[in-house]
Amino acid sequence: MKKIFAAALAAALALLGSVSALAFDHQAMFEGMDTDYYTRFQGQDISINVYNWGEYISNGEDDSLDVNAAFEELTGIKVNYTFYATNEELYAKLRAGGSNYDVIIPSDYMIGRMVKEDMLEPLNKENIPNLKYIDPSLLGMPYDPDTAYSIPYTWGTVVLIYNTTLVSPDTDVETWDLLWNEDYKGNILMFNNPRDAYGIALKKLGFPLNPENQEQIDKATALLKEQKPLVQAYVMDEIFDKMAAGEAAVAPYYAGDALTMIDDNPDLAASFPREGTNIFVDGMCIPKGAKQKEAAEMYINFMCEPEVGAANCEYIGYSTPNTASLELLDAEITSNPTAYPSQEVISNATYFSALSDDLNKALDAGWKELLADDESFTFWLVPALLLVAVIASVAVVVRRARKKKRESY
Amino acid sequence: MKRNHAETVLTSVPYLIWMVVFTVIPLLLVTYFAFTDETGAFTMANLSAVREYVAVIFRSIWLAFIATMLCLLIAYPLSYIISRAPQRRQRTYLLLVMLPMWINFLLRTYAWMTLLENTGIINRLLGIFGIGPLSMINTQGAVVLGMVYNYLPFMILPLYSVMTKIENSLIEAAQDLGAPRSTVFSSVVLPLSMPGVMTGITMVFVPAVSTFIISRMLGGGSNMMIGDLIELQFLGNAYNPNLGAAISLGLMILILFCMSMLNQLNEEDKEGMII
Amino acid sequence: MKKRSWVNTGYIGLVMAFLYAPIIVMAVFSFNESKSRALWTGFTLDWYKKLFTNEVILSSLGHTLLIAIISAVIATAIGTLAAIGINAMGRWMKSLVLNTTYMPIINPEIVTGVSLMLLFVFIRDRMGIPLEMGFLTLILAHITFSIPYVILNVIPKLRQMDKNIYDAALDLGCNPAMAFLKVVIPEIMPGVISGFLMSFTFSLDDFIISYFVSGPTFSTLPITIYAMTRKKVSPEINALSTIVFLVVLGVLTLSNYMEAKREAKTSY
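Residues numbered from 1 in each chain as written. Chains lettered and ligands numbered in written order. Predicted model: local features only at pLDDT ≥ 70, side-chain atom pairs only at ≥ 80, totals over all residues.

Quick word on the overall build of chain C
So, step 1. What chain C contains, in helices and strands, is 11 helices and zero strands.
So, step 2. Taken from the N to the C terminus, the helices and strands of chain C come in the order α-α-α-α-α-α-α-α-α-α-α.
So, step 3. Here the C-alpha radius of gyration of chain C, 24 Å, is well above what a compact globule of 268 residues would show, namely 18 Å.
So, step 4. Summarising its shape, the C-alpha atoms of chain C cover approximately 75 × 70 × 30 Å along the three principal directions. (Helix = DSSP H or I, 4+ residues; strand = E, 2+ residues; numbered from the N terminus. Rg over C-alpha atoms; globule rule 2.2 N^0.38 Å.)

Shown next as structure tokens:
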């Protein structure tokens, strides 16, 4: 009896296993695709290095499609997938050199900057036929006027996330002022990258999202310094765990991730501050000197497949620029005002644009000043410690001389 | 009849070449980058920019100093007790001390993150007693705690190895001569353990002052230290290798200065340590 | 005297508790059903299963071991030869070389990492050699910081060795190479072995230097762990740290036991 039971159990488990594999039947999905195009590099043992944001692709968890695995299965091309936390980190890694990436996914302003600095390869659109699915209103933007260097991957907005159990009900949650609210001292999280942090500060001051001159940057820096004692931590993806656990009460972050967090912790909610927010597009690009340009273009094309785009955006929560994917998504998702906000919100939102070199440097300097700022530090410590060092050196020298004298007896 | 085997020196040639290429030249490169700007022209701008980060530098030194002193205070009695324990138990104690050292440094720091969070275990336990959640993480205290935790074994081991060499007979002799416990300590144990203290301080202070992981994971990004600053220039949110090289150079000089001070205080003639 | 030993043991216990508390908590919560790191909801082995099927972690573990072994072997070879040569140097030359050797040990790791990164970038940009950050750069970096430890371990043994043995072997008819192999090497073997072990250990655990010289294709375990801590954290990390703890415990207990046996044998 025991043996039969064990066998039945094993069979049941096997069945369950295969059922979950069927949850995403790759073969059925591949049938809708141009397999001749995709299998060109089969058997050639090619691999590409994809450098993307963290938590920014459907990776097979929670019954979602594992996009990279599906791509590898279809094309035989291996994907080395690593991630970065901010655009600036991506930029630093590329400039420092030595790392060879084939596909990167920067944000609009960073693409603009990289185009200016000749860091991207122009795309061969013949290798990316799925470009036809992308919403035309998201093409030809100022950062890439001829759509020569990037293909939109997602778009979205920045929202204010707050924990309804930790924030009192009569607080005004539709303003950036909430992030400077003394009531939540030590429970506020802030962006750990300069453009987003400064964007919010500038908006709070009533300035445009893209600083126009040094004076605006200085005022924003001062405002951010005021906020610093209230901030629990400057985070990027670390925010997921913190908000989910209720570690912090308010934080700004990207709309797609806000939806993921709300899913994990229903106590959370998102709002659009009335001062206006940032709307962004992230685009797939190929860095200059990439070794596998054609395979990279194949990867980009794969991302634009209707089903793949839909699976991606469904998992990561961001909004899709792909019209065909939009049709495949549940009405529940497409009617969500956080992911697909009203026209009113969109018209109140601004895109980041690439800044001039001078303004970039000023922003960088301000950001560094903010991070290094320590109000508990007084300048008196410097000469005091130097004095101590000098006294110590003198004492040591004197001691040595005295020892020598003693020993010379 | 001692023969001179001068040709034996030749066996070190592969190493000498390696040393020049991979140790000397990189450090020269750091100096080069520190004194040039992005076009390669000579400039002192980087070094003067370092002046702006004085607060960060002094915070690093201060926190590292506190962590080192705490390690010393905790490790000294511990090493002494272990060195006087019965032989078999000593080995077990040493094993227990060394074990955490072998677990990956990142995992250990991460472990403290989970303990110190507002909704972490410690606060939950305190909550049972009605004590409000203490904000422990993302403070300077958390960073010091992380440093002490990670580097404590590095203080224990040198102290222990020096204390085992202090023979019991010496202590007994001092006691027989009528010395009270405090004198036994200050005249016998302390001086003999000095070399270990110096080594321990070195092995804790240097990594503590230059860490960036501990300050990032436990400090919340608002308690920047020298290591964070350097990493920021190369792989982080700002790309400025020249400034990064300048700060690295400064850090190196700082450490060399501290090391030479410590070496002066250490009477023992260490082979090869000129500075 | 009983009171004193009670206080002593109590103090040891306290410090041990401090050292082990986080590790134990991590281990306990690796079995936790929910992703929470503080609230216990139920027992599960899921995270361990996920860990063993996590390709990224497994491949970086393999990479780490590979790099550790290769770099330790090469470092030990170069370092031992170096130690022998340095020992035969004149006083002025010897202290110059030794001081430069000790620089990577004294230098903060971040400075070593940054300097090596600059070197590799320089080689690539100014000298035109297409050097990519990856396997090769990692091995070179690991060997570089390992060699000083080997030298540090072998030189004392060389100094302890009686110089006349080498001459005696030559007198008895060995050529220099044989004299080395049969006489010198066995004398310094303990130093060589401990140097090898030190290199291996430091290479396994190295994060900072590897972080600066690695690339997208070749990741080591510490780098993978760091990446994991920067995003949504999965209790797989807890499972990983528990397994590491158990493995290390096993290895250290075993080596301790063997050493105890050896000492017991020789203490007659």
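What to know about the overall build of chain B
So, step 1. Helix and strand content of chain B: 12 helices and zero strands.
So, step 2. Taken along its principal axes, the extent of the C-alpha atoms in chain B is 80 × 70 × 30 Å.
So, step 3. In chain B, buried positions account for 47% of the 275 residues. (Buried ≥ 20, exposed ≤ 12 C-beta atoms within 10 Å, placed from the backbone.)

Some thoughts on the interface of chain A and chain B
So, step 1. Between chain A and chain B, the residue contacts involve 33 residues of the former and 24 residues of the latter.
So, step 2. Elements with a contribution of two residues or more to the side of chain A that touches chain B: α5 (87-96), β6 (231-235), α16 (357-372) and α17 (381-407) of chain A.
So, step 3. Examining the composition of the side of chain A that touches chain B, we find that seven residues originate from one element, α5(A), more than from any other.
So, step 4. For the side of chain A that touches chain B, the residue count by class is 17 nonpolar, six polar and 10 charged. (Contact = placed C-beta atoms within 7 Å. Nonpolar A, V, L, I, M, F, W, Y, C, P; charged D, E, K, R; others polar.)

As for helix α4 (residues 87-102) of chain B
So, step 1. Between its first and last C-alpha atoms α4(B) spans 23 Å; for 16 residues at 1.5 Å apiece the expected length is 22 Å, and the two agree.
So, step 2. Listed in full, the buried residues belonging to α4(B) are B:Tyr93, B:Val97, B:Leu99, B:Pro100 and B:Met101. (Expected span 1.5 Å × (residues − 1).)

So, the domain arrangement of chain C
For interface size, the figure often reported is the accessible area lost on association.
So, step 1. Each domain of chain C was delimited in the assignment, giving domain 1 (56-233) and domain 2 (234-268).
So, step 2. Taken over C-alpha atoms, the centre of domain 1 of chain C sits 24 Å from the centre of domain 2 of chain C. (Domains from an automatic or database assignment.)

Here's the deal with the packing of helix α3 (residues 54-84) of chain B against helix α9 (residues 181-210) of chain B
All names here are of chain B.
So, step 1. Running from N to C, α3 and α9 point in directions that differ by 145°, and their axes come no closer than 9 Å. For the crossing formed where α3 meets α9, the hand is right-handed. Residues Ser-60, Ile-61, Ala-64, Ala-67, Thr-68, Cys-71, Leu-72 and Ala-75 of α3 form the contact with α9, whose own contacting residues are Val-197, Gly-200, Ile-201, Val-204, Phe-205, Ala-208 and Val-209.
So, step 2. Among the residues forming the contact of α3 with α9, the class breakdown is 12 nonpolar, three polar and no charged. (Axes fitted to C-alpha atoms, helices over the stretch in contact; angles between N-to-C directions. Left-handed = near helix turned anticlockwise from the far one by under 90°.)

Considering the environment of B:Pro195
So, step 1. Tracing the backbone through its elements, the reader meets B:Pro195 in helix α9.
So, step 2. You can call B:Pro195 partly exposed: it has 18 C-beta atoms within 10 Å.

A closer look at the packing of helix α8 (residues 168-176) of chain B against α9(B)
Residues and elements named next belong to chain B.
So, step 1. With their axes 10 Å apart at the nearest point, α8 and α9 run at an angle of 140° to one another. As summarised for this structure, α8 and α9 are arranged oblique, according to the angle between their axes. Handedness of the α8/α9 crossing: right-handed. Contacts between α8 and α9 pair Leu-170, Ile-171, Ala-174 and Gln-175 from the former with Val-184, Ser-187 and Val-188 from the latter. (Parallel < 35°, antiparallel > 145°, perpendicular 65-115°, else oblique.)

Digging into the nonpolar core
So, step 1. One finds A:Val103, A:Ile161, A:Val250, A:Tyr299, B:Ala67 and B:Tyr151 to be the most contacted residues of the largest nonpolar core, which totals 255 residues.
So, step 2. With 16 residues, helix α7 (residues 140-163) of chain B is the largest single contributor of residues to this core.
So, step 3. Once you skip the residues sitting within four places of it in the chain, B:Ala67 turns out to touch B:Val144, B:Met147, B:Val148, B:Tyr151, B:Val204 and B:Ala208. (Core = buried A, V, L, I, M, F, W, Y, C linked by C-beta atoms within 7 Å.)

Examining the interface of chain C and chain B
So, step 1. In this complex, chain C contributes 60 residues to the contact, which on the side of chain B involves 64 residues.
So, step 2. Those elements that provide at least two residues to the side of chain C that touches chain B are α1 (2-29), α3 (55-87), α4 (91-106), α5 (109-125), α6 (135-160), α10 (221-229) and α11 (236-266) of chain C.
So, step 3. Among the residues forming the side of chain C that touches chain B, the class breakdown is 43 nonpolar, 13 polar and four charged.

A closer look at the pairing of β6(A)
Look at any regular strand and the pattern is simple: side chains alternate between the two faces of the sheet.
All names here are of chain A.
So, step 1. Of all five residues in β6, five are buried, a share of seventy percent or more.
So, step 2. Bridge count between strand β5 (residues 188-191) and β6: four bridges; the pairing is parallel. Along β6, the bridge assignment pairs Ile-188 with Val-231. (Pairing = 2+ DSSP bridges.)

Concerning the sheet that holds strand β1 (residues 47-53) of chain A
The pairing of strands in a sheet comes from backbone hydrogen bonds and takes either a parallel or an antiparallel form.
Residue and element names in this part refer to chain A.
So, step 1. Taken together, three strands build an open sheet; the order of strands is β2-β1-β3 and the sheet is parallel. Each edge of the open sheet is held by one strand with a lone partner, namely β2 (78-84) and β3 (103-104).
So, step 2. Alignment of β1 against β3, held across two bridges, turns out to be parallel. Bridging across to β3, Val-50 finds its partner in Val-103.

Considering unusual backbone geometry
Residue and element names in this part refer to chain A.
So, step 1. Residue Glu-55 is not a glycine yet carries a positive backbone phi of 50°.
So, step 2. Positionally, Glu-55 belongs in the loop between β1 and α4 (67-75).
So, step 3. The partly exposed category is assigned to Glu-55, around which 18 C-beta atoms lie within 10 Å.

Structural notes on the confidence of the model for chain C
Residue and element names in this part refer to chain C.
So, step 1. For chain C, per-residue confidence averages 85 on the pLDDT scale, and residues scoring 70 or more make up 97% of the total.
So, step 2. Across chain C, the element-wise mean pLDDT spans from 80 in helix α7 (residues 164-171) up to 91 in helix α9 (residues 208-213).
So, step 3. Overall fold confidence (pTM) sits at 0.85, and the ipTM for the predicted complex is 0.83. (pLDDT = per-residue confidence, 0-100.)

Some words on helix α12 (residues 306-316) of chain A
Residues and elements named next belong to chain A.
So, step 1. Judged by how many residues are buried, α12 sits mostly within the fold: nine of 11 residues are covered.
So, step 2. Looking only at α12, the buried set comprises Pro-306, Val-308, Gly-309, Ala-310, Ala-311, Asn-312, Cys-313, Tyr-315 and Ile-316.
So, step 3. Among the structural elements, α4, β4 (151-163), α10 (255-264), α11 (293-303) and α13 (323-328) are those in contact with the buried residues of α12.
So, step 4. At the C-terminal side of α12, Gly-317 shows a positive phi close to 90°.

Notes on the environment of B:Leu95
So, step 1. Its location among the elements puts B:Leu95 in helix α4.
So, step 2. When the C-alpha atoms of B:Leu95 and B:Asn150 are compared, they prove to be 16 Å apart, with 55 residues separating the residues in sequence.
So, step 3. Excluding anything up to four places from it in sequence, B:Leu95 contacts C:Leu252 and C:Asn256.

A short note on the confidence of the model for chain B
So, step 1. With 93% of its residues at a pLDDT of at least 70, chain B reaches an overall mean of 82.
So, step 2. This stretch, residues 268-275 of chain B, has a pLDDT under 50; its non-local contacts, to residues over four places away or in other chains, come to 11 contacts.

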